[in-house]
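# Structural characterization, general
Next come the chains, spelled out residue by residue.
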Amino acid sequence: ELFSPSQKYQLLVYHADSLFHDKEYRNAVSKYTMALQQKKALSKTSKVRPSTGNAASAPQSQCLPSEIEVKYKMAECYTMLKQDKDAIAILDGIPSRQRTPKINMMLANLYKKAGQERSSVTSYKEVLRQCPLALDAILGLLSLSVKGAEVASMTINIIQSIPNLDWLSVWIKAYAFVHTGDNTRAINTICSLEKKSLLRDNVDLLGSLADLYFRAGDNKNSILKFEQAQMLDPYLIKGMDVYGYLLAREGRLEDVENLGCRLFNISDQHAEPWVVSGCHSFYSKRYSRALYLGAKAIQLNSNSVQALLLKGAALRNMGRVQEAIIHFREAIRLAPCRLDCYEGLIECYLASNSIREAMVMANNVYKTLGANAQTLTLLATVCLEDPVTQEKAKTLLDKALTQRPDYIKAVVKKAELLSREQKYDDGIALLRNALANQSDCVLHRILGDFLVAVNEYQEAMDQYSIALSLDPNDQKSLEGMQKMEKEESPTDATQEEDVDDMEGSGEEGDLEGSDSEAAQWADQEQWFGMQ
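Keep in mind that what you see is a predicted model, and the values were worked out from it rather than measured. Residue positions are given per chain, counting from 1 as you read along its sequence in written order. Side-chain atom pairs in this predicted model are given and counted only at pLDDT of 80 or more, local residue features only at pLDDT of at least 70, and totals for whole chains, interfaces and linings cover all residues. Note that the side-chain values use all heavy atoms of the structure and ignore hydrogens as well as water.

### Overview of the pattern of salt bridges
We apply this condition: Criterion for a salt bridge: a side-chain nitrogen of Lys or Arg within 4 Å of a carboxyl oxygen of Asp or Glu.
Scanning all chains against the criterion turns up 23 salt bridges. Through salt bridges with shared partners, one network takes in Glu 227, Glu 250, Arg 252 and Asp 255.

### Some details on the packing of aromatic side chains
In plain terms, the rule: Here is the rule: rings of Phe, Tyr and Trp (six-membered ring for Trp) pair when centre to centre is within 6.5 Å. Planes less than 30 degrees apart are stacked, more than 60 are edge-to-face, and the remainder are tilted. The classification of residues rests on relative accessible area computed with a 1.4 Å probe and restricted to protein chains. Under 20% of the type maximum is buried, over 50% is exposed, and intermediate values are partly exposed. Here, a charge over a ring means that NZ of Lys or CZ of Arg falls within 6 Å of the ring centre while also lying within 35 degrees of the ring normal.
A full pass over the atoms with the stated rule returns eight aromatic pairs. Seen from their ring centres, Phe 20 and Tyr 25 are 5.6 Å apart, and the 70° between their planes marks the pair as edge-to-face. Each member of the pair, Phe 20 as well as Tyr 25, carries the same accessibility label: buried. Connected via pairs of aromatic rings, a cluster forms that spans Phe 282, Tyr 283 and Tyr 287. In this structure, Lys 39 packs its charged tip against the face of Tyr 9, placed 6.0 Å from the ring centre. One Lys or Arg, Lys 296, reaches over the ring of Trp 274 and ends 5.5 Å from the middle of that ring.

### With respect to the UniProt feature "repeat: TPR" (unreviewed entry) in the chain
Counted only if it meets this: UniProt positions are given in the numbering used here, feature names are shortened, and annotations may be inferred rather than shown by experiment. Runs of H or I in DSSP of at least four residues are treated as helices and runs of E of at least two as strands, each being numbered from the N terminus.
Mapped onto the present numbering, the UniProt feature "repeat: TPR" (unreviewed entry) falls on residues 305-338 and 441-474. Here residues 305-338 runs as 79% helix and 0% strand, with 10 Å between its end C-alpha atoms. A distance of 8 Å separates the end C-alpha atoms of residues 441-474, which is 79% helix and 0% strand.

### So, the environment of Ser 6
Among the structural elements, Ser 6 can be located in helix α1 (residues 5-21). Taking the relative accessible area as the measure of exposure, Ser 6 reaches 9% and is therefore buried. Distance in space between the C-alpha atoms of Ser 6 and Ala 41 is 9.7 Å, their sequence separation being 35 residues.

### Some details on helix α16 (residues 253-266)
Rules: Here the expected span of a helix is defined as 1.5 Å times the quantity of residues minus one. Throughout, the arc means that of the directions going from the helix axis to the C-beta atoms. Throughout, a contact is declared for two residues whenever any of their heavy atoms are within 4.5 Å.
Across its 14 residues, α16 extends 20 Å between first and last C-alpha, which sits within 8% of the 20 Å expected from 1.5 Å per residue. Restricting attention to buried positions, one finds in α16 the residues Leu 253, Val 256, Leu 259, Gly 260 and Leu 263. Viewed along the axis of α16, the buried residues span an arc of 115°, placing them on a single side of the element. Residues of α16 that are exposed and angled more than 90 degrees away from the buried face: Glu 254 and Asn 265. Of the surrounding elements, those touching the buried residues of α16 are α14 (219-232), α15 (240-249) and α17 (271-283).

Next up, the structure:
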């Protein structure tokens, strides 16, 4: 009662701000609403009372928190509560002329998430009109299929008026290629940018380059660029989920565990640390735990493609294929140019014997992303499942290997085809050629299998050893080696088998125990569900 109406308004806003920082978002919204009602009443009384000419009242009214700022904070609360419709409604209520760049930016992102592409484009363009160097707005427009030339035209005046900004037009061109799925040209353009003295050792560019190499299937260069970026910025989080996934695929589980611990020390409020830990669990065959960690990552960032892929893969391996399909579809919606999203969905279709759906999807990917080694191999993978299309698979794999003789997935599938046809000598030649310039656990293991088929036991043993040195957890290499040892010494093998059985049962018990424990956590979580 002691405070004036304007002071009451200020106090309500300060109280709401405090609640916002304490993450009490519903309570904050309530107080912001009360503040806006107080401001409305204040506006009415100031209109009714004529100005008394009091000089003190003018500065006081100027110091009052902005009504537009209060509405922006309310929208922030709604986004934190995942009530995007309410956030859009509150920001839509602000007249266009009064919208600041950050309001237009938030509206653009919310419209994009809601699938309202035209409104999103309009809002991003408004941001660029006010702030021509807003790089996030540029990326937003490119992600919504606005032509690179059109976006560049909106920044041309500022580029010409400020010195040393000539790199920006090349940067826009590079990310235009990224968002159209032209990975090769995107890589070449970013590499040319990286050579410029102004952008040399730029962490953001290195991260983008690493991601592009990953999309292009060049895992070796991807890991190299991620390591470079990490050395330049030890606190880097962005892109580390993909880096962790690549390390896990290579069997470097100790490195993955260390990366996860380091990221958790930086921040546990981002999806990336949870995804990295989930990848460690997934490749340790602890699928329930991987599922829990993937769900936690999605809870923190519903747009995390890597988290959706992790959870989808865990669900698929647990036999919950229909749930997995939902997650892979959402990943495709968020990243339509990423092949691994389509690969996950196609694997689900094949796991449920839906070969027709898998073929339709593979053909769509082939047409959409173009005929490159990756799309050709993906289509061939589906063709291999149907005896009628075996010859087509062979032609597609030959085309893929002509384009990229070192593409591991194509080599593996071609070897699988040659194994079916019992053309072991051709397979050995193919694998030796592929291993001439790279070392890969799966290729060494398959070469070992082929050498066993042609009775080259000693060299097969060497190949299994190399495979296990690259990935000590590779079960198939271990099985191949043990099988050969049993054949060499039948009596010893019988004894070893008994010991192995005893040890194996113990390990399995531990594994199941850890899974059931994780499953208990998982049951308590509110998992991702499509709306």
